[in-house]
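Each chain, letter by letter, is given below.
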Amino acid sequence: MTDQTKIALITGASRGLGAALAEALSPEHHIVAVARTQGGLEELDDRIQAKGGSATLAPMDISDPNAMATLCRGIHDRWGKVDLWLHTAVHTSALTPANFVDPKEWTKAVSTNATATSVLIPYVSPLLGDAGHAVFFDDPKAGEKFYGIYGATKAAQMALARSWAAETARTGPRVTILEPAPMPTAVRARFHPGEDREALTSPADEAARIVAGL
């Protein structure tokens, strides 16, 4: 690995779109894969190595500011940069009416979907510099019935990302917000049980489309 190695940081990399993006990017990037699930990260690493790529596994909780500070300091000390940051981590709260919001679920969703993003942007931004690229993934559920917790906290995340994109439009880093096609992921299964998953776009196909557009 040389100083010219491209570094892709993927938060939420152990499964679903995050894992598929890690695999799709691994031929040209060293992957820094962040997720809470150690087993999922190890399986991802096996698949990346089978393709001739390399990864650094970071089994961490993005809602822990100290862990994220340690992660970003480690990236700085080892590579001095991040070329691409893809933020796919999300907490999917159970569907519930707004008048039955569970305080613990609300706190967890705010911590993971909104607060963690507000911490990560300042931490990762110096690593991206003015030439890096940050990518966020929208899922516009705000205001839909039973999506109160998820919709509100995901909307807060997107508001932060859109503000950052507007602020850096002329100076960099580049900030992009994408809305992926429906995929048969665990996130979608929680919201759409019983759905015909065969009709959905596979994470691998969607990742290939996204990477081609980057």
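Heads up: the structure comes first, above all this text.
A quick note: this is a predicted structure, and the numbers were derived from the prediction, not measured.

**Student:** Can you break down the overall build of the protein residue by residue, with the values?
**Tutor:** Broken down by element type, the protein carries seven helices and six strands. A compact globule built from 214 residues should have a C-alpha radius of gyration of about 17 Å, and the protein, at 17 Å, falls within 12% of that. Within the protein, the fraction of its 214 residues that count as buried is 45%. Sequence separation of at least 24 residues holds for 68% of the intrachain contacts in the protein that already meet a minimum separation of 6. Surface accessibility of the protein: about 10500 Å² in total, with carbon and sulfur atoms responsible for 52%.

**Student:** Which residues make up the environment of Leu-128, and what values go with them?
**Tutor:** Among the secondary structure elements, Leu-128 is positioned in helix α4 (residues 103–128). Classification of Leu-128 by relative accessible area gives buried; the value is 5%. Considering only alpha carbons, one finds Leu-128 and Gly-172, 44 residues apart in sequence, at a separation of 8.6 Å. What Leu-128 contacts, discounting residues up to four positions off in sequence, is Val-82, Asp-83, Leu-84, Trp-85, His-133, Ala-134, Trp-164 and Pro-173.

**Student:** Give me the sheet that holds strand β3 (residues 55–59): which residues, what numbers.
**Tutor:** Strand order in the open sheet formed by six strands is β3-β2-β1-β4-β5-β6, with parallel pairing between adjacent strands. Each edge of the sheet is formed by a strand with only one pairing partner; in this case those strands are β3 and β6 (174–178). Taken over all neighbouring pairs, the strand axes of this sheet differ in orientation by 15° on average, direction set aside. The sheet strands contacting helix α3 (residues 65–78) are β1 (6–11), β2 (29–35) and β3, and the helix crosses β2 at an angle near 165°.

**Student:** Tell me about the pattern of salt bridges, and please be specific about residues and values.
**Tutor:** Under the criterion given, the structure shown has seven salt bridges. For Glu-195, the salt bridge is made with Arg-188, and the minimal N-O distance between the two is 2.8 Å. Through salt bridges with shared partners, a single network forms among Glu-23, Arg-47 and Lys-51.

**Student:** Could you give an account of the packing of helix α1 (residues 16–25) against helix α2 (residues 38–50), with specific residues and numbers?
**Tutor:** Helix packing geometry: the angle between the two helix axes and the distance between the axes. The geometry of α1 relative to α2 is characterised by a closest axis approach of 9 Å and an angle of 25° between their N-to-C directions. Here α1 is positioned roughly parallel relative to α2, judged by the angle of their axes. Every pair of crossing elements has a handedness; the one defined by α1 and α2 is right-handed. Residues Ala-19, Ala-22 and Glu-23 of α1 lie in contact with α2, whose contacting residues are Leu-44, Arg-47 and Ile-48. Each residue belonging to the contact of α1 with α2 can be placed in one class, and the counts come to four nonpolar, no polar and two charged.

**Student:** Please give an account of the layout of surface pockets that cites residues and values.
**Tutor:** Here the largest pocket defines a volume of roughly 990 Å³. As for the largest pocket, its lining consists of 41 residues, and the residues nearest its centre are Thr-88, Val-90, Thr-92, Thr-185 and Val-187. Listing elements by their share of the lining of the largest pocket, those giving two or more residues are α1, β2, α4, α5 (148–167) and α6 (186–191). With five residues, the single largest contributor to the lining of the largest pocket is α6. Each pocket or cavity is described by its volume, and for the second largest pocket that value is around 250 Å³. Lining the second largest pocket we find Lys-6, Ala-24, Leu-25, Glu-28, His-29, Asp-83, Leu-84, Ala-131, Gly-132, His-133, Val-211 and Leu-214. Each residue belonging to the lining of the second largest pocket can be placed in one class, and the counts come to six nonpolar, three polar and three charged.

What counts, and where the lines are drawn
Residues numbered from 1 in each chain as written. Predicted model: local features only at pLDDT ≥ 70, side-chain atom pairs only at ≥ 80, totals over all residues. Heavy atoms only, no water. Helix = DSSP H or I, 4+ residues; strand = E, 2+ residues; numbered from the N terminus. Rg over C-alpha atoms; globule rule 2.2 N^0.38 Å. Buried < 20%, exposed > 50% of the residue type's maximum accessible area, 1.4 Å probe, protein only. Contact = heavy atoms within 4.5 Å. Areas by Shrake-Rupley, 256 points an atom, 1.4 Å probe, with all protein chains shown as cover. Pairing = 2+ DSSP bridges. Axes fitted to C-alpha atoms, helices over the stretch in contact; angles between N-to-C directions. Salt bridge = Lys/Arg side-chain N within 4 Å of Asp/Glu carboxyl O. Parallel < 35°, antiparallel > 145°, perpendicular 65-115°, else oblique. Left-handed = near helix turned anticlockwise from the far one by under 90°. Nonpolar A, V, L, I, M, F, W, Y, C, P; charged D, E, K, R; others polar. 1 Å grid on protein atoms, 1.4 Å probe; cavity = no way out; pocket = protein on both sides within 12 Å on 5 of 7 lines; lining within 4 Å. Points joined across faces, edges and corners; volume = space filled by probe spheres on them.

Any link to function would need more than the numbers given here.
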